[in-house]
Amino acid sequence: FWLKRARFLAVAAMKAVLATSFLFGLLRCGVADTAGVQIAGATGKPSAANGAYFQTKVKYNGHLCFKKEGVKLWLCMDSNNLWNVQVEKMRGGSMGILVSTVRGALSPLDAGPWRVYDSGKETWVDDLAVSVSRAMPKVTAAPVAGAVLEDVPVKVAGSELRQTVATMIFGTFAVAMVSLALAGSTDAHIRSYFYKLLSATLTFLI
């Protein structure tokens, strides 16, 4: 009975690790995170929206906001469920200087085409020249002048999600080890599951 139960737990743990490892692989490829975006192409007054924005812990309308480097401009989900470049005091409302056209987009990368606010006409107008792309990682420590650029820490996209996934992997790995201990057997199938589990864990954590 215990041997069958241990084998079942080991298989379940291995499947869980493979699933979470797949998610971890997506995060490493940059598919499931949006730590930074780059806005370009806006002209005239709306050109103030151009630049790099990095994700913060501030949340409006159910989504984390992005803040532009060096100024108080924010890219937030507005009250109309659109991504909107806004001044700080208007975050989360409907007013802004650059707004997406896709409602409910999970990421600004998928929210275009974009519109700019025409103050003369007092309305939003399409601006197909505006583009939103993934920004380069944010440098969190500036090197000293003349120093060799090496080992400079950067803000890694989706680092919190990766930590969560890593925790899940180690948790399921622990379940598998307990299962093997309960089995108290050198059963070939259980050893095979254990090695696959260990291999999957190392592959996606390195």
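About the criteria used
Residues numbered from 1 in each chain as written. Predicted model: local features only at pLDDT ≥ 70, side-chain atom pairs only at ≥ 80, totals over all residues. Heavy atoms only, no water. Helix = DSSP H or I, 4+ residues; strand = E, 2+ residues; numbered from the N terminus. Buried < 20%, exposed > 50% of the residue type's maximum accessible area, 1.4 Å probe, protein only. Contact = heavy atoms within 4.5 Å. Salt bridge = Lys/Arg side-chain N within 4 Å of Asp/Glu carboxyl O. Pairing = 2+ DSSP bridges. Axes fitted to C-alpha atoms, helices over the stretch in contact; angles between N-to-C directions. Phe/Tyr/Trp six-rings, centres within 6.5 Å; stacked < 30°, edge-to-face > 60°. Lys NZ or Arg CZ within 6 Å of the ring centre and 35° of its normal. pLDDT = per-residue confidence, 0-100.

## Focus on the overall build of the protein chain
A tally of helices and strands in the protein chain yields three helices and eleven strands. When the elements of the protein chain are put in sequence order from the N terminus, they spell out α-β-β-β-β-β-β-β-β-β-β-β-α-α. Taking all 206 residues of the protein chain together, the buried fraction comes to 34%. Of all intrachain contacts in the protein chain linking residues separated by at least 6 positions in sequence, the fraction that spans at least 24 positions is 44%.

## Regarding the pattern of salt bridges
Counting across every chain of the model gives one salt bridge. Of the charged contacts in the structure, one is a salt bridge between Arg-115 and Asp-126, with a shortest N-O distance of 2.9 Å. Taken as a pair, Arg-115 in strand β7 (residues 114–118) and Asp-126 in strand β8 (residues 123–127) lie far apart in primary sequence, eleven residues in all.

## A few points about the environment of Pro-113
Here Pro-113 is to be found in the loop between β6 (98–100) and β7. On a C-alpha basis, the gap between Pro-113 and Asp-126 in space is 7.7 Å, while along the polypeptide they are 13 residues apart. In this structure Pro-113 touches Ser-100, Thr-101 and Leu-128, once residues within four positions along its chain are discounted.

## Observations regarding the pairing of strand β1 (residues 36–40)
Judged from the four bridges that link them, β1 and strand β2 (residues 51–60) form a sheet pairing that is antiparallel. The partner of Gly-36 across the bridge, within β2, is Phe-54. Here four bridges tie β1 to strand β9 (residues 131–134), and the two strands are oriented antiparallel to one another. Following the sheet pairing, Gln-38 is matched in β9 by Ser-133.

## Looking at the sheet that holds β1
Pairing is antiparallel across the open sheet formed by nine strands, whose spatial order is β8-β7-β6-β5-β4-β3-β2-β1-β9. The open sheet terminates on both sides in strands that have one partner only, identified here as β8 and β9. Each strand of the sheet is rotated relative to its neighbour by a mean of 35°, with strand direction disregarded.

## As for the packing of aromatic side chains
According to the stated counting rule, one finds two aromatic pairs in the structure shown. A ring pair is formed by Tyr-117 and Trp-124, whose centres lie 5.3 Å apart and whose planes are at 70°; its orientation type is edge-to-face. Exposure remark for Tyr-117: the relative accessible area of 27% places this residue in the partly exposed category. You can call Trp-124 partly exposed: its relative accessible area is 27%. Its end group placed over the ring of Trp-74, Arg-91 keeps NZ or CZ at 4.4 Å from the ring centre.

## Section: the environment of Val-37
By the secondary structure assignment, Val-37 is in strand β1. Distance from Val-37 to Tyr-53, taken between C-alpha atoms, is 5.4 Å for residues 16 residues apart in sequence. Setting aside its immediate chain neighbours within four residues, Val-37 contacts Gly-51, Ala-52, Tyr-53, Phe-66, Leu-75, Pro-108, Leu-109, Val-132, Ser-133, Arg-134 and Ala-135.

## A short note on the pairing of strand β4 (residues 73–77)
Summarising burial for β4: five of the five residues are buried, a large majority. Of the two faces of β4, the one carrying Leu-73, Leu-75 and Met-77 and the one carrying Trp-74 and Cys-76 are both buried. As paired elements, strand β3 (residues 63–68) and β4 share two bridges and run antiparallel to each other. What sits directly across from Phe-66, in β4, is Leu-75. Linkage of β3 to β4, two consecutive antiparallel strands, is achieved through a turn of four residues, within which Gly-70 is found at a positive phi near 85°.

## Details of the confidence of the model for the protein chain
Residues with a pLDDT of 70 or more make up 50% of the protein chain, whose mean pLDDT is 74. Across the protein chain, the secondary-structure element scoring lowest on mean pLDDT is strand β11 (residues 154–155), at 42, and the one scoring highest is β4, at 97. Taken together, the stretch residues 26–33 has pLDDT below 50 and engages in 17 contacts with residues farther than four places along the chain or on a different chain. Long-range and interchain partners of residues 147–159, a stretch whose pLDDT sits below 50, account for 22 contacts in this model, where long-range means more than four residues apart.

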